[in-house]
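Coordinate inspection notes
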Amino acid sequence: MSQVQRVALVTGAARGIGRAIAVALAKPGLTIYINDVANWDEAAYTCSLVEANGAQAHLLPFDVTHSPSVEQAFAQIADDPGRLDILVNNAGITRDNLIARMKEEQWEQVLAVNLKGAFNCIRAAVRLMLKQRYGRIINISSVVAVMGNAGQVNYAASKAGLIGLTKSVARELASRHITVNAVAPGFITTEMTENLPEKTKAELLAQIPLHRFGTPEEVAQAVAFLASDHAAYITGQVLHVNGGMLMP
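Now for a description of the structure that goes with this document. Being a predicted model, the structure only gives us computed values, none of them experimental. Numbering of residues starts from 1 in each chain and follows the order in which that chain's sequence is written. pLDDT decides what is reported in this predicted model: residues at 70 or higher carry local features, side-chain atom pairs at 80 or more are listed and counted, and totals for whole chains, interfaces and linings draw on all residues regardless. Each side-chain value is worked out from all heavy atoms of the structure, with water and hydrogens disregarded.

1. Regarding the nonpolar core
Among the nonpolar cores identified, the biggest contains 33 residues, and Ile21, Leu25, Ile32, Val88, Ile138 and Val183 are the most heavily contacted of them. A run of H or I in DSSP becomes a helix once it reaches four residues, and a run of E becomes a strand once it reaches two; helices and strands are each numbered from the N terminus. Those elements that provide at least two residues to this core are strand E1 (6-10), helix H1 (16-25), strand E2 (30-34), helix H2 (40-52), strand E4 (86-89), strand E5 (135-140) and helix H9 (216-227). Tallying contributions element by element places H9 first for this core, with seven residues. Residue contacts follow a heavy-atom distance rule, with two residues in contact if any of their heavy atoms lie within 4.5 Å. Residues in contact with isoleucine 32, not counting those within four places in the same chain, are Ala8, Val10, Ala22, Leu25, Ala26, Val50, Gln56, Ala57 and His58. Among buried residues, those of type Ala, Val, Leu, Ile, Met, Phe, Trp, Tyr and Cys that are joined through side-chain atoms within 4.5 Å constitute a nonpolar core. With a 1.4 Å probe rolled over the protein chains alone, any residue whose accessible area is under 20% of its type maximum counts as buried; one over 50% counts as exposed, and the rest are partly exposed. Among the nonpolar cores identified, the runner-up in size contains 30 residues, and Ile77, Ile122, Ala124 and Val126 belong to it.

What follows is the structure, encoded as structure tokens:
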């Protein structure tokens, strides 16, 4: 009997952690849908990296905050290839500000992408996963979801919400062999951290026992483990990848 061809979807996969996740998942026999709406050229480059690892890659540029667009995208997956085995909810934005200065729009934008976007994708994905009685859902949270961070009340709230979403959906879907977990990165070397003032970087590094920022690839390997059959007995958990910055 021929082996089942697995299918994955990674949201916000044009660059950074999302790209690293797509590349880490990529292997022969896997089809990966690369989602992004803001960086099509970079998303296309992610596809080329995925294909270089032997997987098939397809661009799927839908807005995770727009329910009809999400439904249409997942309908496309349902038509061909007809299954979805791995969903990684990585799409996220920041709109940082102190709460006294934060505009309602900044709050709503971050919650819409980071939390509602994951809800939209999970709701659409489980229809396929329930039918096939198998699935891996990984939500990308953050260290600030647990410890908080001044100037990021919207971001921290959205990422804390993802943890509650993860645990609740894990309980709902466990009987159908669908695991739901979260990965909570600490400070990772990305464009955002590279642009921080040197004084801020030094202050952050002083809080990290390993005395360095993490890499997107280190986060991606944690996701790849949770997406694998080796993690079949792990669900409803938060895997912290933060160099020891937080030890819950």
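2. Observations regarding the pairing of E5
A large share of E5 lies buried, amounting to six of its six residues. On E5, burial covers both faces: Gly135, Ile137 and Asn139 on one face and Arg136, Ile138 and Ile140 on the other are all buried. Think of it this way: DSSP has to see at least two bridges between two strands before they count as a pair. Relative to E5, E4 runs parallel, the two being bridged by four bridges. Note on E5: the bridge partner recorded for valine 88 is isoleucine 138. As defined by bridge partners, E5 adjoins strand E6 (residues 178-185) across six bridges and the pair is classed as parallel. Within the sheet, the bridge partner assigned to arginine 136 lies in E6 and is threonine 179.

3. Topic: unusual backbone geometry
With omega at 20°, the peptide bond leading from aspartate 80 into proline 81 counts as cis. With respect to the helices and strands, the residue proline 81 is situated in the loop between helix H3 (67-79) and E4. Phi is positive for histidine 211, close to 55°, though the residue is something other than glycine. Residue position: histidine 211 is located in the loop between helix H8 (198-205) and H9.

4. Topic: H1
Burial analysis of H1 places seven of its ten residues in the buried class, the great majority of the element. Of all the positions in H1, only Ile17, Gly18, Arg19, Ala20, Ile21, Ala22 and Leu25 are classed as buried.

5. Notes on the packing of aromatic side chains
What counts as a ring pair is set by centres within 6.5 Å for rings of Phe, Tyr and Trp (its six-membered ring), and what kind of pair is set by the plane angle: stacked under 30 degrees, edge-to-face over 60, tilted for all other angles. With the rule as written, the count across this model stands at two aromatic pairs. Measuring from ring centre to ring centre gives 6.2 Å for phenylalanine 62 and phenylalanine 74, while their planes differ by 65°; the resulting arrangement is edge-to-face. Taken together, the positions of phenylalanine 62 in the loop between strand E3 (56-59) and H3 and phenylalanine 74 in helix H3 put the pair twelve residues apart, joining distant regions of the chain. Between phenylalanine 187 and phenylalanine 213 the ring centres are 6.4 Å apart and the planes differ by 40°, which places this aromatic pair in the tilted class. Taken together, the residues span a long stretch of sequence, with phenylalanine 187 in the loop between E6 and helix H7 (191-194) and phenylalanine 213 in the loop between H8 and H9 at a distance of 26 residues. Judged by relative accessible area, phenylalanine 187 falls into the buried class, the value being 18%. For phenylalanine 213, a relative accessible area of 12% gives the class buried. Note that arginine 6 overlies the ring of tyrosine 134, its terminal NZ or CZ placed 4.2 Å from the centroid. Lysine NZ or arginine CZ positioned within 6 Å of the ring centre and within 35 degrees of the ring normal marks a charge as sitting over the ring.

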